[in-house]
Amino acid sequence: MYQQKIEENDKYSLIIKKAGFEALTPFQEKLFETVSSNKYIIAETKKGCGKTLGMVLPVIINTDFSFHGLKSIIIASSYESVEKINAVFKKLFQKKVTSLQAVAGNSDRNIKKDSRMLEKQPDIFISTADSIIDLIRSDNISFEGIQSCIIEDSDVDDYYSFEKDVEFIFSKLSGKQLFMVFTKELNQYYSFYQLFKKPITLKCTETGEKKIMDNSFIQNIVSEIKETSDIKTLVEIKKILKKNVSFFMRGYFSAWLLKKYAEQNGYSLQTKSSEENNSDLKTIFINIGKNRRLYSKDIAGMILSSKVAEKSDLKRIRVFDSYSFIDVTTSKAEAVINVINGVTFKGKKMNADYAKKQQK
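Residues numbered from 1 in each chain as written. Predicted model: local features only at pLDDT ≥ 70, side-chain atom pairs only at ≥ 80, totals over all residues. Heavy atoms only, no water.

Some points on helix 3 (residues 51–61)
Logical step 1: Burial analysis of helix 3 places 10 of its 11 residues in the buried class, the great majority of the element.
Logical step 2: When helix 3 is considered as a whole, its buried residues turn out to be Lys-51, Thr-52, Leu-53, Gly-54, Met-55, Val-56, Leu-57, Pro-58, Val-59 and Ile-60. (Buried < 20%, exposed > 50% of the residue type's maximum accessible area, 1.4 Å probe, protein only. Helix = DSSP H or I, 4+ residues; strand = E, 2+ residues; numbered from the N terminus.)

A closer look at the pairing of strand 4 (residues 124–128)
Each regular strand displays side chains that alternate between the two surfaces of the sheet.
Logical step 1: With 5 of its 5 residues buried, strand 4 lies for the most part within the structure.
Logical step 2: Bridging between strand 2 (residues 72–76) and strand 4 involves 5 bridges; their strand directions are parallel. When the sheet's bridge partners are listed, Ser-72 is paired in strand 4 with Ile-124.
Logical step 3: As defined by bridge partners, strand 3 (residues 102–104) adjoins strand 4 across 3 bridges and the pair is classed as parallel. Looking across to strand 4, one finds that Val-103 is bridged to Phe-125.
Logical step 4: With helix 5 (residues 111–119) bridging strand 3 and its parallel neighbour strand 4, the resulting β-α-β unit is right-handed. (Pairing = 2+ DSSP bridges. Right-handed = clockwise from strand over helix to strand, strands pointing away.)

Digging into the pattern of salt bridges
Logical step 1: One pass over the structure, following the stated rule, counts 11 salt bridges.
Logical step 2: Across the pair Lys-332 and Asp-313 runs a salt bridge whose closest N-O atoms are separated by 3.1 Å. With a gap of 19 residues between them, Lys-332 in helix 13 (residues 330–340) and Asp-313 in the loop between helix 12 (296–306) and strand 11 (314–319) connect regions that are remote in the sequence.
Logical step 3: With a relative accessible area of 24%, Lys-332 lands in the partly exposed category.
Logical step 4: Across the salt bridge formed by Arg-318 and Asp-327, the nearest N and O atoms sit 3.5 Å from each other. Across this residue pair, the class does not change: Arg-318 and Asp-327 are buried. (Salt bridge = Lys/Arg side-chain N within 4 Å of Asp/Glu carboxyl O.)

Concerning the side chain of Lys-71
Logical step 1: Of note, Lys-71 is situated in the loop between helix 3 and strand 2.
Logical step 2: According to the relative accessible area criterion, Lys-71 is buried, its value standing at 3%.
Logical step 3: There is a polar contact of 2.5 Å between the side chain of Lys-71 and the side chain of Asp-123.
Logical step 4: Once residues within four sequence positions are removed from consideration, Lys-71 is found in contact with Thr-63, Asp-64, Phe-65, Asp-123, Gly-145, Ile-146, Gln-147 and Ser-148. (Polar contact = N/O pair within 3.5 Å; in protein donor to acceptor, adjacent residues only side chain to side chain. Contact = heavy atoms within 4.5 Å.)

Here's the deal with the packing of helix 5 against helix 6 (residues 129–137)
Logical step 1: Remark: helix 5 packs on helix 6, axes separated minimally by 10 Å, with the N-to-C direction vectors making an angle of 75 degrees. Taken together, the axes of helix 5 and helix 6 lie roughly perpendicular to each other. Across from Ile-111, Asp-114, Ser-115 and Leu-118 in helix 5, the residues of helix 6 making contact are Ser-131, Asp-134 and Leu-135. (Axes fitted to C-alpha atoms, helices over the stretch in contact; angles between N-to-C directions. Parallel < 35°, antiparallel > 145°, perpendicular 65-115°, else oblique.)

With respect to the sheet that holds strand 6 (residues 178–183)
Logical step 1: In space, the 7 strands of this open sheet follow the order 3-4-2-5-6-1-7, with parallel pairing throughout. Both outer strands of the open sheet, strand 3 and strand 7 (200–203), are each paired with one neighbouring strand and no more. Across the sheet, the axes of successive neighbouring strands diverge by a mean angle of 15 degrees, strand direction being ignored.
Logical step 2: The pairing of strand 1 (residues 40–44) with strand 6 spans 5 bridges and is classified as parallel. Within strand 6, the residue paired with Tyr-40 across the bridge is Phe-179.

Observations regarding the packing of aromatic side chains
Logical step 1: A complete count under the given rule lists 7 aromatic pairs for this structure.
Logical step 2: Seen from their ring centres, Tyr-40 and Phe-179 are 5.7 Å apart, and the 10 degrees between their planes marks the pair as stacked. Within this pair, whereas Tyr-40 is found in strand 1, its partner Phe-179 is found in strand 6, the two being separated by 139 residues in sequence. The same class applies to Tyr-40 as to Phe-179, namely buried.
Logical step 3: One aromatic cluster is present, formed by Phe-285, Phe-320, Tyr-323 and Phe-325 through successive ring pairs.
Logical step 4: Just above the ring of Phe-168 sits the side chain of Arg-137; from NZ or CZ to the centre is 5.0 Å. (Phe/Tyr/Trp six-rings, centres within 6.5 Å; stacked < 30°, edge-to-face > 60°. Lys NZ or Arg CZ within 6 Å of the ring centre and 35° of its normal.)

Some words on unusual backbone geometry
Logical step 1: Backbone geometry at Lys-96 places phi at a positive 60 degrees, although glycine is not the residue there.
Logical step 2: In this structure, Lys-96 sits in the loop between helix 4 (79–94) and strand 3.
Logical step 3: In this structure, Arg-293 takes a positive phi of about 60 degrees despite not being glycine.
Logical step 4: If you trace the backbone, Arg-293 turns up in the loop between strand 10 (281–286) and helix 12.
Logical step 5: Judged by relative accessible area, which is 57%, Arg-293 ranks as exposed.

Thoughts on the nonpolar core
For soluble globular proteins, nonpolar side chains are generally found buried alongside one another.
Logical step 1: Leu-31, Leu-57, Phe-89 and Leu-92 are the most contacted members of the largest nonpolar core, which has 38 residues in total.
Logical step 2: Those residues within four positions of Phe-89 in sequence are excluded, and the remaining contacts are Val-56, Val-59, Ile-60, Ile-74, Ala-102, Ile-124 and Ile-126.
Logical step 3: With 28 residues, the next largest nonpolar core counts Leu-70, Val-103, Ile-136 and Phe-143 among its residues. (Core = buried A, V, L, I, M, F, W, Y, C linked by side-chain atoms within 4.5 Å.)

Some remarks on helix 12
Logical step 1: Inspection of helix 12 places Ser-296, Ile-299, Ala-300, Met-302 and Ile-303 among the buried residues, and these make up the whole buried set. Along helix 12, the residues classed as buried sweep out an arc of 160 degrees about the axis, all on the same side. Residues of helix 12 that are exposed and point over 90 degrees away from its buried face: Lys-297 and Ser-305.
Logical step 2: On its buried face, helix 12 is in contact with strand 10, strand 11, strand 12 (324–329) and helix 13.
Logical step 3: Phi for Lys-307, located one or two positions after helix 12, is positive at around 65 degrees. (Arc of directions from axis to C-beta.)

Okay, here's the thing in C-alpha cells:
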C-alpha cells in the first residue's frame, strides 16, 4: 500500500511539472495520497493550498476511458468558480497533459445551450447545482458513466439550498463514484458528512507557508498570455497604460501588478526585506524638474552613461514641477551627486545634494 501511494504521487508530480508548476503543495500531497485509498473525501481549503489543481488532477488520474460519454461532474458554487476550474482543464488540455474534454455550463442558465454541449459527449461537465438539476429534470444529462463527482462550496451564500440541491444530485448517482468536497470551513456539523460512507477529512494547514515566485511562475503567465488571452483586449489595455503611466514607471507598475497577482495565488518574492532595502538607500535632491522639461529618462540616462552606477542602483526617480528626487544605493550616492552637480540642462545649472526631507 505504501509503495502504491508513492507511485500515485509520482503520477501527480509528473503532471504538475508537465503543466509548468514547480511541485505539489503539502495539501495536494496529502490529498492525492488519500485519493488512492478512499473515495469519500471532504477537504477544508484556504487560499494558496492548491485547491483547483487538487480538484482537477484526481479526475484526470482516475478516469476510465473505456466508457464513451460523460465521465465526471464538478458542482461549483458560482459561475466564477465554474470558469476558473474550466480554465485549468483547458490549460492542461492545450499543454497535452490530458486528452479529457471539459465544458462549462452557461452563466445564463440556458438549458438548450447546455444540452447542445452535452450532446457532443464531453468527458467532464462543470456547472452550478441548480443548472445541473435543470438538466436532470429536463432529461438532458445522463449519469450512466459518471466516475467522479467533485463539489466546491467556497462562494455559497445559502448553504441550506446548496446542500439540498447537491443531495438531490447525489440521489441520481450510484454511490460507486469518487466523491470529493472542497469547503472553506469544516466542523462537526458539516452536513455533507451524512452523504458519505466514512469520509476522510483533510485540512489545509499551510496558510503561513508561501511558495516562492520563480522563473517558472512568470513563464507560465507568459505562456497563458500567448495561448488563451484576448489580444484585442490587451491592446486596448496597453493604450490605457501608455496614456496614464510614464515610460520610466511602467516597469515598476508591471512589477507591482505581478507582486499582487503572486500574493493572491499564494506566492511570495523573497529577496531582502523592504526594511533592509530602504536602509541601503539615500535620497538625492535635484533643483530642477518638469518646468525645464526634465524627465525620469533624462536623469537615468545621465547617471547610467557616466557608469558611476548600474540600473539596479536606481530604485526610484520622482520628477515634480520645480525639483526631483532619486532613491539610489547608498554606496553610489556620492558619485551620482558628483555626476549631476554642475551640468547645464536646457539653460540651467543642475545642483544635487542629499535630500533633507523626502517628498511623499
